[in-house]
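Here's the letter readout for the chains.
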Amino acid sequence: MVRPETTRAWTALRGHFEAHGRGLDLREAFARDPGRFAAFSLQAPEVFADLSKNLIDVATRRFLLDLAAECGLEARRDAMFAGQPINTTEGRAVLHTALRAPRGQGPFSDDVHGVLDRMLALAERVRDTATSGITDVVNIGIGGSDLGPAMVVPALDAYAHRGLRLHFVSNVDGHDIVPVLRGLDPARTLFIVASKTFTTQETLANAQTARAWFLDAGPASGLGVADIARHFVAATTNVKAAADFGITETFGFWDWVGGRYSLWSAIGLPIAIAIGAEHFRALLAGAHAMDRHFATAPLTQNLPVQLGLLDVWYRNFHGFTSRSLAPYHQGLKRLPAYLQQLEMESNGKGVDLAGQPLAAGSSPVVWGEPGTNGQHAYFQMLHQGTDVIPVEFILVKMPAHDRADLPAAVRDSLTGQHAKLLANGLAQSQALMLGKTAADAARERPPTAAPGADPAMIARHRSFPGNRPSTTFVLDALTPPSLGALIAMFEHRVFTSAAVWGLNAFDQWGVELGKALAGELLPRLDSGDATGLDASTAGLLARVRA
Ligand SMILES: O=P(O)(O)OC[C@H]1O[C@H](O)[C@H](O)[C@@H](O)[C@@H]1O
């Protein structure tokens with residue numbers, strides 16, 4: 001493993017940043033180079049990306065590619081696809097890409113397609129609602145066993161079965177499950193208990209609550225313990241624990257599927273129930289197309305590689321600590337939360353593969369909301385705040401809401417909405433880059449300015465620094481294949497920056513300490529015993545018990 005800060009490319013990047021990077025002005029760069037948009041945009045499977053509004057030039061890109069070469073990115077990528085145990089701290093392979101490889105291709109193909117066929121058959125049985133009688137599906141899971149399906153199901157609403165409602169319960173807080181159970185009919189409800197380990201406290205607690213509810217409400221519909229087998233299924237690598245819970249129909253997966261990379265596995269069952277087998281296979285196919293792109297495209301044209309290297313450039317040279325995501329599609333409202341786990345649980349590490357402290361920053365904070373909602377909340381800070389935060393826009397050319405079954409006037413109105421949505425997305429990236437000088441602001445007569453206020457002072461409040469970087473992704477439509485490709489692009493981008501930083505993106509020891517301490521505190525909530533606790537925790541314990 002090569003420490004990035006010891007490479008020649010790192011030194012070159014440092015020099016380049018001081019000489020040209022820090023001072024790069026996007027407005028001048030576009031004025032100088034009419035070919036900048038073409039030179040810095042990329043077409044990958046299903047995803048077009050405009051990288052030209054980023055603080056990079058040709059030399060930045062060359063030095064970053066040198067850095068990737070010196071850090072052995074390609075060898076590490078190839079080792080992942082080949083199933084080598086690159087998750088070294090847990091001695092595991094990392095093969096979520098095998099889950100979307102076509103039948104007969106990729107490692108463990110028989111196992112993968114065996115479970116996939118079985119799970120899609122169940123999905124189709126449930127979707128035949130006249131026979132199954134199911135109207136509501138409740139996924140009980142948390143983290144990687146929740147966020148993927150909870151993100152994809154609304155994103156692909158245009159493809160969803162109209163007679164089925166999908167619900168997601170994750171938190172160990174009755175305020176999550178109680179409103180979901182309210183109004184459900186046990187005879188018409190299917191619970192999916194989704195947990196890679198089947199040991200997660202939150203999920204087991206919610207599964208117990210669901211079971212208690214089922215046994216309480218069931219008898220009115222003639223249901224009892226014997227019916228649990230028909231109304232509860234599990235997605236897990238721990239088939240025995242699921243059986244001990246009383247679940248006989250289990251869809252397995254394997255320790256080489258990380259939780260946050262698992263929506264392609266049996267964890268995707270809620271997605272398959274919502275959109276059906278054919279569309280689920282199309283989701284996998286889209287991700288596979290991006291896998292092939294990542295595995296084979298020259299690095300100069302390789303979109304996940306270019307994005308991951310940009311992350312290194314911003315985090316380690318510009319010192320930006322966060323990145324904001326603005327999907328201009330309401331169906332992608334859970335994408336920021338999904339990417340928070342994908343990126344921050346993967347790359348939120350402080351040591352390298354050898355356990356030595358990293359010399360430079362790793363995962364940025366990832367956050368955001370769908371556009372245009374974010375514009376009316378925190379975009380103020382993105383435009384005029386003191387921190388520079390790169391923004392990523394996702395635009396979708398063709399909406400799915402102007403369906404033939406809507407009245408013509410409603411369809412016309414919705415078409416107008418989509419034009420406004422796109423105009424806003426384009427305008428925001430433009431505004432971030434162009435800014436507005438105080439001199440330009442001084443020529444305006446803002447109607448809301450305080451009467452008699454010094455115009456120069458008002459102009460300074462109304463000026464924008466500009467030169468704020470952004471990336472814009474464009475999808476033709478939000479479809480199963482395009483969403484699959486988009487998610488896989490994000491996965492491989494995280495892989496790329498992890499490879500440069502030399503860290504293990506596939507473990508998550510950082511979640512353990514809190515879990516262990518919660519286990520120690522739980523009995524103290526009952527007993528009130530504060531022996532050995534720090535004064536703050538002891539004080540809080542007394543307060544929540546009072
Ligand atoms: O799927 P499970 O085993 O229930 O795990 C659910 C989640 O909880 C853990 O604490 C990890 O931080 C996540 O990576 C994981 O996705």
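Residues numbered from 1 in each chain as written. Predicted model: local features only at pLDDT ≥ 70, side-chain atom pairs only at ≥ 80, totals over all residues. Heavy atoms only, no water.

### Re the overall build of the chain
Then, number 1: Along the backbone of the chain there are 23 helices and 11 strands.
Then, number 2: For 546 residues, the compact-globule estimate of 2.2 N^0.38 gives 24 Å, and the C-alpha radius of gyration of the chain, at 25 Å, lies within 12% of that figure.
Then, number 3: Viewed in the frame of its principal axes, the chain has a C-alpha envelope of about 75 × 60 × 60 Å.
Then, number 4: Split into buried and exposed, the 546 residues of the chain put 52% on the buried side. (Helix = DSSP H or I, 4+ residues; strand = E, 2+ residues; numbered from the N terminus. Rg over C-alpha atoms; globule rule 2.2 N^0.38 Å. Buried < 20%, exposed > 50% of the residue type's maximum accessible area, 1.4 Å probe, protein only.)

### Structural notes on the site of the ligand
Then, number 1: Close contacts around the ligand come from Ile142, Gly143, Gly144, Ser145, Ser195, Lys196, Thr197, Thr200, Gln341, Glu345, Val511 and Lys515, and that covers them all.
Then, number 2: Here an oxygen atom of the ligand and a backbone polar atom of Lys196 are 2.7 Å apart.
Then, number 3: Separating an oxygen atom of the ligand from a side-chain N or O atom of Lys515 is a distance of 2.7 Å.
Then, number 4: With the chains in place, 89% of the 390 Å² that the ligand exposes on its own is no longer accessible.
Then, number 5: Most atoms of the ligand, that is more than half of them, are within 2 Å of grid points of the largest pocket.
Then, number 6: Here the shell around the ligand is built from residues that sort into two nonpolar, seven polar and three charged. (Near = heavy atom within 4 Å. Polar contact = N/O pair within 3.5 Å; in protein donor to acceptor, adjacent residues only side chain to side chain. Areas by Shrake-Rupley, 256 points an atom, 1.4 Å probe, with all protein chains shown as cover. 1 Å grid on protein atoms, 1.4 Å probe; cavity = no way out; pocket = protein on both sides within 12 Å on 5 of 7 lines; lining within 4 Å. Sits in = over half its atoms within 2 Å of the grid points. Nonpolar A, V, L, I, M, F, W, Y, C, P; charged D, E, K, R; others polar.)

### Considerations on the sheet that holds strand S9 (residues 365–368)
Then, number 1: Spatial strand order, S1-S2-S11-S10-S8-S9: six strands in an open sheet with mixed pairing. The outermost strands of the open sheet, each flanked by one partner alone, are strand S1 (41–44) and S9. Pairwise comparison of adjacent strand axes, ignoring direction, gives a mean angle of 20° for this sheet.
Then, number 2: Here S1 runs beside strand S2 (residues 47–50); their pairing, made up of four bridges, is antiparallel. Along S2, the bridge assignment pairs Leu42 with Ala49. (Pairing = 2+ DSSP bridges. Axes fitted to C-alpha atoms, helices over the stretch in contact; angles between N-to-C directions.)

### A short note on the packing of helix H5 (residues 73–81) against helix H14 (residues 277–296)
Then, number 1: Taken N-terminus to C-terminus, the directions of H5 and H14 make an angle of 140°; their axes are 10 Å apart at the nearest point. Here H14 runs oblique to H5, going by the angle between their axes. Contact residues: H5 offers Arg77, Met80 and Phe81, while H14 offers Asp291, Phe294 and Ala295.
Then, number 2: Of the residues that constitute the contact of H5 with H14, the class distribution is four nonpolar, no polar and two charged. (Parallel < 35°, antiparallel > 145°, perpendicular 65-115°, else oblique. Contact = heavy atoms within 4.5 Å.)

### Re the domain arrangement of the chain
Then, number 1: Splitting the chain by domain gives domain 1 (7–70 + 297–399 + 470–501), domain 2 (96–281) and domain 3 (512–545).
Then, number 2: The C-alpha-based centres of domain 1 and domain 2 are spaced at 33 Å.
Then, number 3: Listed by partner, the interface residues are 22 residues for domain 1 and 20 residues for domain 2.
Then, number 4: Area buried by domain 1 at its contact with domain 2 is led by Tyr338, Gln341 and Pro480, which between them contribute 31% of it.
Then, number 5: On the surface where domain 1 and domain 2 come into contact, there are two salt bridges.
Then, number 6: Glu345 is the partner of Arg260 in a salt bridge, and the nearest nitrogen-oxygen pair spans 2.8 Å.
Then, number 7: Between the two partners, domain 1 and domain 2, sit seven residue pairs in polar contact (both at pLDDT 80 or more).
Then, number 8: Residue assignment for the side of domain 1 that touches domain 2 shows that the elements contributing at least two residues are helix H16 (335–347) and helix H21 (480–501).
Then, number 9: At eight residues, the largest contribution of residues to the side of domain 1 that touches domain 2 is made by H21.
Then, number 10: Taken together, the residues of the side of domain 1 that touches domain 2 break down into 11 nonpolar, six polar and five charged. (Domains from an automatic or database assignment. Buried area = accessible area lost by both parts, 1.4 Å probe. Salt bridge = Lys/Arg side-chain N within 4 Å of Asp/Glu carboxyl O.)

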